[in-house]
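# Observations on the three-dimensional arrangement
What follows is the residue order along each chain.
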Amino acid sequence: MLRPVVDVFDNVERAWLHAVSDPAQLLPGLQMIVEQFNRLLGRLGFERIESERGTLFDPSCHEAVLHVTDSDLLAGTIVDEVHAGFHFRGRLFRPARVTVAAPPHDVAD
């Protein structure tokens, strides 16, 4: 069961070792590792919770870690994802930790 995790580790280690000799390849290598890990999580039954910018905050699967004023977004929508959240076989495994747009403050005259 852990063999696929070890395979991902091998690729992380390989990227780390090559970063010194060929730094330009580090970013594409890391992108490939993230994609590999996402596929592995999917095969194991994990589904990433949607928490892209502009998505409506849902307290059943999101945890607000910060509220910020953002004039480009409606209050109660996600500004940024701090940590990814996951469902595991249809149940909440870990909520997505997000920054949420707050209503603008009223300015007194």
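Refer to the structure above for everything that follows.
We now turn to the structure provided with this report. (Residues numbered from 1 in each chain as written. Predicted model: local features only at pLDDT ≥ 70, side-chain atom pairs only at ≥ 80, totals over all residues. Heavy atoms only, no water.)

This paragraph deals with the sheet that holds strand 2 (residues 62-69). Spatial strand order, 2-6-3: three strands in an open sheet with mixed pairing. Of all strands in the sheet, those with a lone pairing partner are strand 2 and strand 3 (78-83), marking the two edges. Neighbouring strand axes in the sheet, compared pairwise and without regard to direction, differ in orientation by 25 degrees on average. Two elements, strand 3 and strand 6 (residues 96-102), share four bridges in a ladder whose sense is antiparallel. In the sheet register, D80 faces strand 6, and the bridge partner there is T99. (Pairing = 2+ DSSP bridges. Helix = DSSP H or I, 4+ residues; strand = E, 2+ residues; numbered from the N terminus. Axes fitted to C-alpha atoms, helices over the stretch in contact; angles between N-to-C directions.)

Here we come to the nonpolar core. Among the nonpolar cores identified, the biggest contains six residues, and these are I49, C61, I78, A96, V98 and V100. When residues in this core are grouped by element, the largest group, three residues, is from strand 6. Setting aside anything within four residues of it in sequence, one finds V98 in contact with S51, F57, H62, E63, A64, V65, L66, I78, D80, E81 and V82. (Core = buried A, V, L, I, M, F, W, Y, C linked by side-chain atoms within 4.5 Å. Buried < 20%, exposed > 50% of the residue type's maximum accessible area, 1.4 Å probe, protein only. Contact = heavy atoms within 4.5 Å.)

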